[in-house]
Amino acid sequence: METIVKNSTSKANLEIFSETLQKLAETDRDIIVVTSDSRGSGKLVPFAEHFPEQIIEIGIAEQNLVGVAAGIASAGKKVFAVSPACFLTARSFEQIKNDVAYSDNPVNLIGISAGVSYGALGSTHHSLHDYAALRAVNNLIIVAPADNYETEQAIIQAAALHQPVYLRFGKKNMPNLGAEDQGFQFGKGRTIRKGTDLTLIGTGETVYPALQAARKLHTEHGIEATVLSMHTIKPLDYELISNLAKGGKPIITIEEHSIFGGLGEACASFLMENNYRNPFKIIGIPDEYTVTGSQNDIFNHYGISEQGILAAALKLIG
């Protein structure tokens, strides 16, 4: 698929989201953005300046945001509803379920500052539940792009797809992971690095520390790890997981989400149901009061980091 935003340096995925949406809107008047007082945090100020008639401000009223977005989508517009992920998926769950997914209104739900991106603002502003809640809703694609390339392609495809999509974005700059030659498609994971000893399956902003850990496993321990960007949580790429599980090698999943109901449990249930018995580990946020600090502080504390993934891999390999 054509690349429409070219960057020599890494940016926050949210910036790429905004740039890509602006580029699409130049030739498509049907693209409409609806925000809940989040055009600044959603990097949408330039969009509003260039396309003032294609952005609607609802205010801090997330349930109304989703309801309005569903109504506009039902009239044939390509709607992007933008709000902090923690509030979009919790406060508006009923509207997402009934007005968007069950009513088959093709709204693109954009959860910004996802996971623990809000850092020291604490648990009320962390979205550690969104995968778990939304995975249980029929007719909803769930995507967490890992880098700028995946973000750009996800927005292009979401704009062209007549189906509800939830896209999750963090705040920090994301290095390019490469592997663009594989292309990008919802429901198909991307192999960022190939190895023979174990598999690291990340999603969103956890893919890069997984890749860092894989490189250190190679240089310091002679261990070769496959690294997957499982950008689509639902539908999950069961074929890819199955192919990697056939050798019986250890599998570790890494997510910026509760260990309950997310990527790890989705992979684990598939493996168990299909009689795979690979050594398996879920790295994520455990069932406790989340520590307070920056995103990096929280990642380091819970092992969602180069060193944490490295240690988990060495332990699992035994």
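What counts and how
- Residues numbered from 1 in each chain as written.
- Predicted model: local features only at pLDDT ≥ 70, side-chain atom pairs only at ≥ 80, totals over all residues.
- Heavy atoms only, no water.
- Helix = DSSP H or I, 4+ residues; strand = E, 2+ residues; numbered from the N terminus.
- Rg over C-alpha atoms; globule rule 2.2 N^0.38 Å.
- Buried < 20%, exposed > 50% of the residue type's maximum accessible area, 1.4 Å probe, protein only.
- Contact = heavy atoms within 4.5 Å.
- Areas by Shrake-Rupley, 256 points an atom, 1.4 Å probe, with all protein chains shown as cover.
- Phe/Tyr/Trp six-rings, centres within 6.5 Å; stacked < 30°, edge-to-face > 60°.
- Lys NZ or Arg CZ within 6 Å of the ring centre and 35° of its normal.
- 1 Å grid on protein atoms, 1.4 Å probe; cavity = no way out; pocket = protein on both sides within 12 Å on 5 of 7 lines; lining within 4 Å.
- Points joined across faces, edges and corners; volume = space filled by probe spheres on them.
- Nonpolar A, V, L, I, M, F, W, Y, C, P; charged D, E, K, R; others polar.
- Pairing = 2+ DSSP bridges.
- Axes fitted to C-alpha atoms, helices over the stretch in contact; angles between N-to-C directions.
- Core = buried A, V, L, I, M, F, W, Y, C linked by side-chain atoms within 4.5 Å.
- Parallel < 35°, antiparallel > 145°, perpendicular 65-115°, else oblique.

A. The overall build of the chain, seen in detail. What the chain contains, in helices and strands, is 12 helices and 12 strands. Since a compact globule built from 318 residues should have a radius of gyration of about 20 Å, the 19 Å found for the chain is in line with a globular shape. With the principal axes as the frame, the chain shows a C-alpha extent of 60 × 40 × 40 Å. Residues classed as buried in the chain amount to 57% of the 318 residues present. Looking at the chain alone, contacts between residues at least 24 apart form 75% of all its contacts between residues at least 6 apart. Carbon together with sulfur atoms contributes 49% to the accessible area of the chain, which is approximately 12700 Å² in total.

B. Here's a closer look at the packing of aromatic side chains. Enumeration according to the criterion identifies 6 aromatic pairs in this entry. Seen from their ring centres, Phe184 and Phe186 are 5.8 Å apart, and the 80° between their planes marks the pair as edge-to-face. Taking the relative accessible area as the measure of exposure, Phe186 reaches 13% and is therefore buried. Summarising the aromatic geometry, the rings of Tyr238 and Phe270 are spaced 4.8 Å apart at their centres and angled 25° between planes, so their arrangement reads as stacked. Highlighted residues: Tyr238 in helix H9 (residues 238–245) and Phe270 in helix H10 (residues 263–273), separated in sequence by 32 residues. Directly above the ring of Tyr131 sits Arg168, whose terminal nitrogen or CZ lies 4.4 Å from the centroid.

C. Representation of empty space enclosed by the protein. Per the counting criterion, the structure on display carries 1 cavity of 30 Å³ or more. Roughly 80 Å³ of internal volume is contained in the largest cavity. Along the walls of the largest cavity sit Asn13, Ala114, Tyr131, Ala144, Pro145, Arg168, Phe169, Gly170, Thr203, Gly204, Glu205 and Glu256, which together make up its complete lining. Across the lining of the largest cavity, the residue classes tally to 5 nonpolar, 4 polar and 3 charged.

D. Representation of the sheet that holds strand E12 (residues 280–285) in the model. Judged by pairing direction, the sheet is mixed, and its 5 strands sit side by side in the order E7-E9-E8-E11-E12 without closing on themselves. With one partner strand each, in any of the chains shown, strand E7 (190–193) and E12 form the two edges of the open sheet. Each strand axis lies, on average, 25° off the axis of its neighbour in the sheet, ignoring direction. Examined bridge by bridge, strand E11 (residues 251–258) and E12 share 5 bridges and lie parallel to one another. Looking at the pairing, Thr253 lines up with Ile282 of E12. Of the strands in this sheet, E7, strand E8 (198–202), strand E9 (225–229) and E11 touch helix H8 (residues 207–221), which is tilted by about 170° from E9. Docked against the sheet, H10 engages E8, E11 and E12, running at close to 140° with respect to E11.

E. Here's a closer look at the nonpolar core. Residues Val107 and Leu109 are the most contacted members of the largest nonpolar core, which totals 38 residues. If you tally residues by element for this core, the top one is helix H3 (residues 62–74), at 6 residues. Apart from the residues within four sequence positions on either side, Leu109 is in contact with Val66, Ala81, Leu88, Ile96, Leu140, Val165, Tyr166 and Leu167. Counting 29 residues, the second-largest nonpolar core is a separate cluster that includes Ala146, Ala225, Ile283 and Phe299.

F. Region of the structure containing the packing of H3 against helix H5 (residues 93–102). Close contact between H3 and H5 brings their axes to 9 Å; oriented N to C, the two are set at 5°. Classified by the interaxial angle, the pair formed by H3 and H5 is roughly parallel. Residue-level contacts link Gln63, Val66, Gly67 and Ala70 of H3 to Gln95, Ile96, Asp99 and Val100 of H5. Partitioned by chemical class, the residues of the contact of H3 with H5 number 4 nonpolar, 3 polar and 1 charged.

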